[in-house]
Amino acid sequence: MQSEKRAICRSGRQKDAPEPWRHSTGSGVSGEMDLLSAWIASPSALPFLCLIWGTQAQQAFRSEPRNLTVRMGATAVLRCEVLRASGTVQWVKDGLLLGPERSLPGFPRYSMIGNPERGQYHLQIEKAQLEDDALYQCQAGQSESSQAIVSNTAWVTMLIPPSSPYFEVEMETPWVAGRMYTVTCVAPDAKPEAEITLFKDGVKLTGAESFTVSGSKDKLLNTHAEVTVTALSSDNGKQLACRAKNSALFRPVETTLTMSVYFPPQPPVIVGLEREEVKAGTTLVLECVSHGGNPLATLHWTKDGEVLSTTWEEDTVLQKSSSTLNLKITPADNQAELCCESVNLVSPSSLSVHCKITVLFEPEEVTLTGSFTATEGQELNLICFATSSNPPVQIRWWLGYKELNNTVVTMEEGDNGGMTTMSNMTHQVSREEDGLKLTCEAFNKATHFSKTQTAKLTVYYPPQKVWLDTPLQDVPLHAGTKIRLICFSTGGNPTGTLTWFKNGKVVTDALKQTSFDRGVARELVLVLTASDNMATYRCDARNEAKKTISAHTKLMVHFAPISMKITTKQEELRRGQVLTLECQAGSSNPKVNISWSLGLLRFQGAEQPPKKAQYGGVSVRSSLSLNLTSQYHNQRVICQAHSPVLSEGTNTFFKLNVLYPPEFSPHQPTQVQVVEDDMATIPLLVSANPEEVSCIWLRRKEELVKEGDLRYSWTDEHSLEIKNVTRKDGGVYTVKCSNDEGVSQTSITLDVQYAASVKAEKHPVFVNVGETADLICVADANPIISDMFSWKWLGEGEVEMGEETQEDESGLLTIHDVTRAHAGLYQCTANNGIAPPASVDVQLVVQFKPELQKGAQWRKVASRGDGTTTADVVCQAEGIPRVEFSWEKNGVRMDFANPRYEEWTVREGSFHTSTVRVVNVSAAQDYAVFSCTARNSLGEDRLDIQLVSTSHPDPPTSFRQVSVTHDSVTLEWIPGFSGGLRQRFRIRYRWDQSVSYLYVDVFPPTAATFTVTGLQPVTTYNFSVNALNAMGESDYADNNAVLTITTKERPEPEEIPTDDDSVSQSRQELPAYLTVVFTVVFGVLLVLNSLGCYFGQRWKKKQGQSGGRGGSVLDGKKNEEEGSSQSTVSYSNKYESREKINTAAQRTLLIESGSETDSNVYESYTAESSHYYYPTGDYMPSLSPHPEETRRPDATHLPVDSHSHLYEDVKDGRQYQDILAFSPPSPLSSFDHRLPPQRNNWRSPTYPQGTERARESVDVRQPWRDSDLPFELQGELV
C-alpha cells in the first residue's frame, strides 16, 4: 500500500497522458478536455497532494525566487535551492506545473539548471517572450520523510519594445500650403508604454498630446501622439519623423513620412522673341517658362484667343515647367497677339504673358491678264496685278529688251493688313514684234523681293501660195478605189488653215493638217463612189489675217449600180400560185447584166433595153415567174446585177410571204418523259401562215379545258403544261391546230416517272440461331432500274451483312448462319434515281435458348438466418421466345404455396428476371442451394444459387487501368460478392522508393470506377483495390495483384499551393476558461490535500468496477439495437458491375494493426456511415495529419488535396520514426490504463437512428458527433 502511494505521489502526470501543448489530432477543445479528464480522473496525476507518512527530516528552501524584470529575448533565471530535498521539485507557472524533469519537455525555452546534488533547481527562461510575464513558484513535493513545501511567488515582468511606429495621417492627397493638418503617430505593442517625440525637418514639434490604448495582446499598450501642423510651401519634400522609446530599448525606434505640399507657381515669361517684325515663312521658336509650384504649372499657348498648344515639359530638378511653341509664320499672323498661360491645382487664377508680332510678307501671286495675240497694226491693252504685301511692291513692263513706259499704276488695301498694286499698259504691234517676250515685274527694294510674269506676243498676217497633188483628170478610176488628194500652202502667220470642198460643200473627213519647213499640207483620202464621177474638189487656205486663196480638180469614176429594187403586182401569195417579179438596177457606169436566184436555185429572167440615169450612168430592168410552195415561205428571191468591166455586182432580195395551213415539224417529239410532281411540258412544233393558229388538246378523245382541271395550261406556242403531274396523267395526247388556210393534227405520248415507294413483304422476320434469314422489301417505282435496292444495319456496333440481290421490283437481303448479333432493325432503301429514296425498316428477331447470368454476384445471396430478415434470390435469363422459370431447393421442386416463399417474374425485352423472396430466413431451413432453371421452346439453362450467412465481401476482379494523366490515374474493376451487406471499395497505392502505402476510400462507395488524383508526373505507382463491408474486408483484387502505372509528363509547369490550415489550427492557444478551471480545481485539491490518497483509492476501485460493467452494458445495448433493426434489412444477390467514373472521393485514415489482408480494423457493423476506425492490435502511435509533407532525401514529396485526408500506412515503428518528427497522442490514450485491453472483439457502440439514415442514403454520409460517444471514446482520428 505504501509503495503504491509513493508511485502516485511521485508522478506529476500519467505516462501516456496527452501533453497539453500537443493538439495534432482532433480539435483544440478535445485535447484540452482530455487534459482536464486526466487531471481530475487519476489520483496518480494529482501533484503534491499526498500526505507524508514518515518522520524523517523536513525539506526547506535555502533560496527562493525573487521578482525579475527582463527584456524580450534575454535569458531570465529564477533561483530555487532546496535543503534536504526528498520530494519531487517542480516549478509552477500561473498555477500550471511545468514537470519534474530538468529539461522540462514541452517547454523548449524552459529548463532547470544548477547542481541537483546541492538542491539547485533554478528555472532558466531563454529568449524571454511576452507569454513568460507570469507568476512563478518553486515546489518540493511530499516525500516519506518530509512535508511538501511551496516557495514565495515571484513575478517575472517582461519589457517589450514597441513595434515600428507608424503615422495615421491623410496623405492620399497632398497638403495645400497654408492649411492646418492633424498628424498622429502610433507606437504599438509596448510594455511599458512608449514615449513618442515628433519632428518636422529635424525640428521638434511642440504641443503634441499623447494617450494610450490596449495593444494587440494582453499586457501590451499602444501609445498615440497627435500634433497640429500648418503646411508651408517650404515643407514640400521635407520629412516628418516619429521617435518612440521605452525602458526595453537602448535607442529609440523611428519612422519617417515625406510631406507633399501643393502651392501655386510664379508668373510665366516668354523667351525667344528678339524683335516684333518677323518675315513670313520663317519658323518662330518661342519658349514659355514658369518657375516653382507644386505640382509644377501646366502651360498652354493661344493666338488671338485660339489655343495653339497644350503640351509642356516639367523639370523637377530645376522646379520649372516649360512649353516650346514652333510657329510657322504666315501673312495671316500679321498683328497677331500671342499669349502663354500657367496654372496648377491650387492657383487662385491663371497667370499669363502677351506679345504682338508684325509680319513682313510678299505678294502671294502676280498675274498678267489681257490678249497677247493681235493682227498686224492692232493696239494691245494688258494688266499686271500683285496681291497684298507688306510693304507694297512696284511694277514695270518689258517687251524683249525694251522697257514700256505707257502705264497707269493703282494701289489699294489688301488682305492681312497689306497693300495691292495694279498696272495698266497700252502698245501697238508690228510684224517684227511677233514672238517677242512680254514681261511684267513686281519688286520691293526694302525686302529685296522680285517676281515676274511673262507672255509671248503673237502678230498675225495672211498665207502667200496654194497648190494640189491629184490623179490626172482624163484617166477613169474604179469605184471603191482609194485615192489621195493633197493640198499645200506656204507663208502667213500663223500658217494657213486648209479646207477641202466637194462640189462647193465642205468635206469633213479630210485628214488633219500637217506642217513642213515652209508651210502646211492637208490630205484627203477618198474611197471612190458613184457620186465622185465628174465631181469638183477645191482646197482653200486661210488664217487669222482673214484672207483666203484656193486650188481645184475634177475626177472620172466607173461604178456598179447605185440601187436595186424588186416589185410585184400580186398582194397575197398562197401555196400553189405563180408569182411574177420585176427587178430594176439603178445608175451604173458602164452597163450591167441581171440574174435571179432562190436558195440554191438559179433563174434567168427577161431583160429590157437600158436607160440613162444619174451621175452620168445607165439603168437596166429584168422580170421572173415562180411557182409557190410552203417551203418558200420566208425565203428570199435574190436579183443580182453584174458589171464585166468592174468584175463586181450588186444584189437585192424579195422575201416571200406564202400563206398555208398548219404543218407539224419533222422534229416534233412523239414521247415526253417527266418526273412525278414536276410540271410536264408537251412541246408543240407547228408552223403556219398566217401564224395565228388555234389548237385544242385531246386525251382519250376528250378535249382538255382549263376549267376542267386547274393544273392544265397552254403557252403562247400552244405547248401543253400540266402542273403537279401524277402517274395517272400518263398516256397519249392528241393536238388539232387550224388557221385561216386549214386544219392539221398529231399525237404525243406522256411517260410519267416517279420516285420509289417501298414496303416490307414480312415484318418482323423470325429465325432461329444458325438458320438462313430472308429479308424482302417490294418497291413501286418508274422506272425500275438495276441495283436500286440497298440495305443498312440500324443496331449498335457492326455486324456482317448478308447477300443483297434484286428480282424486278423486289430487293432481298439473305443472311446465312444467323447469330444473335444479327438480331435488330435493318433498313431497306430503294432509289431509282428520282429523289427522295424510300426506306422501310425490317425487324429480324433471332430466337435462341435461355442463357442465365452466372457471374460471381449471381451465385450467392447472404442474409442473417435468425428468422427476422428477408432475402431475395434473383435469377436473370436472356432468351427468345418467352422464357419460363422453375425453382428447386436442394434438388426438390419448390412449393410456392408456402407463405414463406414468394416468386415473381419481370420481363424487359429479351431479358427475364425471376425473383424468389424468402421471408424470415432461417439458417437451419433456408441456408441451402436454390436451383433456377430457365427454358423455352429452344432449350434450357440452369444456375445454382447459394443462400449463405452474411460475411465479409469477396475480392474484386478484372482490376485494370482506364486512363492516366500527369497527375491522376483512373481505375476500374468488377465487384465481387458483397457478403450480403452494402460493400464499398478502398484503393491502396504507393510510389516507388516509398516506405509506406496511401489509402483512399472510393466515393460513391459502390462505384466500380475511380480516379486517384494528386499524383506526381513521370512517377511509377503500385495500385491495389479491395472491398469492405460491415463484417470485414476482402483480399486485394485478382489474388492480391499489383497494378503498376507510370504517370505522364506535366504539360505545363504549375505552382502547387500548400495548405497550412492544419498547422495553424494545431497551434491554438489554451483558452482562458480552462486556465480558470485549472486554478479552481488546484485550489480545491489543496484544501482536500489531507484526504487525497483516501479518495484516490476509492475512486480507483469504483472505476475498476464500473469499467467492467460498462463494457457489458455497452455490448448489451448494441445487441439489443441490432436485433431491433434486423427486420428492416433485405438481402439480394443482384449488383451493378459498372458505374460511371467519379472524380471525387472521401479519403480516410487507417492504422494498420497486422497483415493487410487479415486486418482487424473495421467500421461499426450497423453504422456504415461512420468514418471512425479503431485499432485492435498492439498500440502504435498514430500518424501526423500530413506526413507526406515531411521531406526526406530518399522519398518523393507528394502534393496533398486540401479537401481530403491522405495519409500513410506504416509497416513498423522504425519506419514510422524515420518519417515523423514527433508523434501526436493516440485516441486510445484517453482510456483508463487499468481497463482490460479491448482487442479483436472490439466494436464501436450502435445507434439505431444513424443506422437507418445510412440505409436510406448511399451517397450522403453524416459522421458521428463527438457527443454521441461515451466519454472515454470522445475525440476523433483525422
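Quick notes on the rules
- Residues numbered from 1 in each chain as written.
- Predicted model: local features only at pLDDT ≥ 70, side-chain atom pairs only at ≥ 80, totals over all residues.
- Heavy atoms only, no water.
- Helix = DSSP H or I, 4+ residues; strand = E, 2+ residues; numbered from the N terminus.
- Buried < 20%, exposed > 50% of the residue type's maximum accessible area, 1.4 Å probe, protein only.
- Areas by Shrake-Rupley, 256 points an atom, 1.4 Å probe, with all protein chains shown as cover.
- Salt bridge = Lys/Arg side-chain N within 4 Å of Asp/Glu carboxyl O.
- Pairing = 2+ DSSP bridges.
- Axes fitted to C-alpha atoms, helices over the stretch in contact; angles between N-to-C directions.
- Disulfide = S-S within 2.5 Å.
- Contact = heavy atoms within 4.5 Å.
- Polar contact = N/O pair within 3.5 Å; in protein donor to acceptor, adjacent residues only side chain to side chain.
- Core = buried A, V, L, I, M, F, W, Y, C linked by side-chain atoms within 4.5 Å.
- Phe/Tyr/Trp six-rings, centres within 6.5 Å; stacked < 30°, edge-to-face > 60°.
- Lys, Arg positive; Asp, Glu negative; His and termini not counted.
- pLDDT = per-residue confidence, 0-100.

## A short note on the overall build of the protein chain
At step 1: The helix and strand inventory of the protein chain stands at 9 helices and 95 strands.
At step 2: When burial is assessed residue by residue, the protein chain has 43% of its 1278 residues classed as buried.
At step 3: Carbon together with sulfur atoms contributes 49% to the accessible area of the protein chain, which is approximately 67300 Å² in total.

## Description of the pattern of salt bridges
At step 1: This model, assessed by the stated rule, comprises 38 salt bridges.
At step 2: Note that R243 is salt-bridged to E254, the shortest N-O span being 2.8 Å. Taken together, the residues R243 in strand β19 (residues 239-245) and E254 in strand β20 (residues 253-258) connect sequence positions 11 residues apart.
At step 3: Judged by its relative accessible area of 43%, E254 is partly exposed.
At step 4: We note a salt bridge from K854 to D941, for which the minimum N-O separation is 2.9 Å. Within this pair, whereas K854 is found in the loop between β77 (838-852) and β78 (860-862), its partner D941 is found in strand β85 (residues 939-948), the two being separated by 87 residues in sequence.

## Regarding the sheet that holds strand β7 (residues 110-113)
At step 1: Taken in spatial order, the 3 strands of this open sheet run β3-β8-β7, and their pairing is antiparallel. Whereas interior strands pair on both sides, the edge strands pair on one side only; in this sheet they are β3 (76-78) and β7. When the angles between neighbouring strand axes are averaged without regard to direction, this sheet yields 25°.

## Topic: the sheet that holds strand β38 (residues 437-444)
At step 1: The strand order β35-β34-β38-β39 describes an open sheet built from 4 strands, whose pairing is antiparallel. Edge positions in the sheet fall to β35 (402-404) and β39 (449-456), since each of these pairs with one other strand and no more. Across the sheet, the mean angle from the axis of one strand to that of its neighbour is 30°, orientation sign disregarded.
At step 2: Bridge analysis of strand β34 (residues 394-399) against β35 gives 3 bridges, and the strand direction is antiparallel. Bridging across to β35, W398 finds its partner in E403.

## Here we look at the state of the cysteines
At step 1: Applying the stated criterion across every chain yields a total of 9 disulfides.
At step 2: Across a sulfur-sulfur distance of 1.8 Å, C288 and C340 are joined as a disulfide pair. The sign of the S-S torsion, about -85°, decides the handedness of the disulfide formed by C288 and C340: left-handed. Of this pair, C288 sits in strand β24 (residues 283-291) while C340 sits in strand β29 (residues 336-343), and the two are 52 residues apart along the sequence.

## Comments concerning the environment of R84
At step 1: Here R84 is to be found in the loop between β4 (81-83) and β5 (89-93).
At step 2: Note: C-alpha distance between R84 and A60 (24 residues apart in sequence) is 6.9 Å.
At step 3: Once residues lying within four places of it in the same chain are set aside, the contact partners of R84 are A57, Q58, Q59 and A60.
At step 4: At 3.0 Å, the side chain of R84 and the backbone oxygen of Q58 are in polar contact.

## With respect to unusual backbone geometry
At step 1: Note the cis peptide between K191 and P192, where omega equals 0°.
At step 2: Inspection of the secondary structure assignment puts P192 in the loop between β14 (180-190) and β15 (195-200).
At step 3: Of note, the amide linkage connecting A835 to P836 takes the cis form, showing an omega dihedral of -5°.
At step 4: Looking at the element boundaries, P836 is found in the loop between β76 (824-830) and β77.
At step 5: One non-glycine residue, D189, adopts positive backbone phi at about 50°.
At step 6: Mapped onto the elements, D189 comes out in strand β14.
At step 7: Looking at D189, the relative accessible area reads 16%, which means it is buried.
At step 8: One non-glycine residue, R700, lies in the positive phi region at around 55°.
At step 9: Locating R700 in the fold gives a position in the loop between β65 (694-699) and β66 (702-703).
At step 10: Residue R700 is classed as exposed on the basis of its relative accessible area of 65%.

## Here's the deal with the nonpolar core
At step 1: In terms of nonpolar packing, the biggest core is built from 28 residues, with W91, Y110, L123 and Y136 touching the most fellow members.
At step 2: When contributions to this core are tallied by element, the ones reaching two or more residues are β3, β5, β7, β8 (122-125), β9 (135-140) and β11 (154-159).
At step 3: By size, the runner-up hydrophobic cluster in this structure holds 25 residues, among which are A781, Y826, A838 and V842.

## Considerations on the packing of aromatic side chains
At step 1: Taken as a whole and judged by the stated rule, the model has 11 aromatic pairs.
At step 2: Relative to Y110, the ring of F107 has its centre 5.7 Å away and its plane inclined at 15°; by these criteria the two rings are stacked.
At step 3: Taking 5.5 Å as the distance between ring centres and 20° as the angle between the ring planes, the aromatic pair formed by Y989 and F1023 counts as stacked. Taken together, the residues span a long stretch of sequence, with Y989 in strand β88 (residues 984-991) and F1023 in strand β91 (residues 1020-1029) at a distance of 34 residues.

## Some words on the environment of P836
At step 1: Owing to a relative accessible area of 56%, P836 belongs among the exposed residues under this scheme.
At step 2: When the C-alpha atoms of P836 and A756 are compared, they prove to be 8.0 Å apart, with 80 residues separating the residues in sequence.
At step 3: Discounting chain neighbours no more than four positions away, the residues touching P836 are A755 and A756.

## Regarding the pairing of β15
Remember that side chains alternate between the two faces of the sheet whenever the strand is regular.
At step 1: As defined by bridge partners, β15 adjoins β19 across 6 bridges and the pair is classed as antiparallel. Looking at the pairing, E195 lines up with K245 of β19.
At step 2: Both β15 and strand β16 (residues 203-204) contribute to a ladder of 2 bridges, which runs antiparallel. Looking across to β16, one finds that F199 is bridged to K204.
At step 3: Counted between consecutive antiparallel strands, the loop separating β15 from β16 contains 2 residues, among which D201 sits at a positive phi close to 55°.

## As for the side chain of R699
At step 1: Assignment of secondary structure puts R699 in strand β65.
At step 2: Although R699 is buried, it makes no salt bridge; D729 carries the closest opposite charge, 5.2 Å away.
At step 3: A polar contact of 3.3 Å, which involves the side chain of R699, links it to the side chain of Y733.
At step 4: Excluding its chain neighbours within four sequence positions, the residues that come into contact with R699 are L704, K728, D729, G730, V732 and Y733.

## Structural notes on the environment of L318
At step 1: Among the secondary structure elements, L318 is positioned in the loop between β27 (313-315) and β28 (320-328).
At step 2: In this structure L318 comes out as exposed when scored by relative accessible area, which is 54%.
At step 3: Along the primary structure L318 and G292 are separated by 26 residues, whereas in three dimensions their C-alpha atoms are 8.5 Å apart.

## So, the pairing of strand β36 (residues 407-413)
At step 1: By the bridge criterion, 7 bridges tie β36 to strand β37 (residues 419-428) in an arrangement that is antiparallel. Its bridge partner being in β37, M411 is matched across the sheet by T421.
At step 2: What sits between the antiparallel neighbours β36 and β37 is a turn of 5 residues, in which N416 has the positive phi angle 60°.

## Considering the confidence of the model for the protein chain
If pLDDT is low for a region, its predicted coordinates should not be looked at in detail.
At step 1: Mean pLDDT over the protein chain works out to 79, with 78% of the residues at or above the 70 mark.
At step 2: Here helix α1 (residues 2-10) stands out as the element of the protein chain with the lowest mean pLDDT, 34, in contrast to strand β90 (residues 1009-1012), whose mean of 96 is the highest.
At step 3: Note on residues 1-55: pLDDT is under 50 here. Beyond four places in sequence and across chains, it has 104 contacts.
At step 4: With pLDDT under 50 throughout, residues 1134-1278 is counted as low confidence; its partners more than four residues away or in other chains account for 292 contacts.

## Some words on the side chain of H633
At step 1: Tracing the backbone through its elements, the reader meets H633 in the loop between β58 (618-627) and β59 (636-643).
At step 2: Looking at H633, the relative accessible area reads 14%, which means it is buried.
At step 3: Not counting the four nearest positions on each side in its chain, H633 is found in contact with L656, N657, V658, Y660 and N689.

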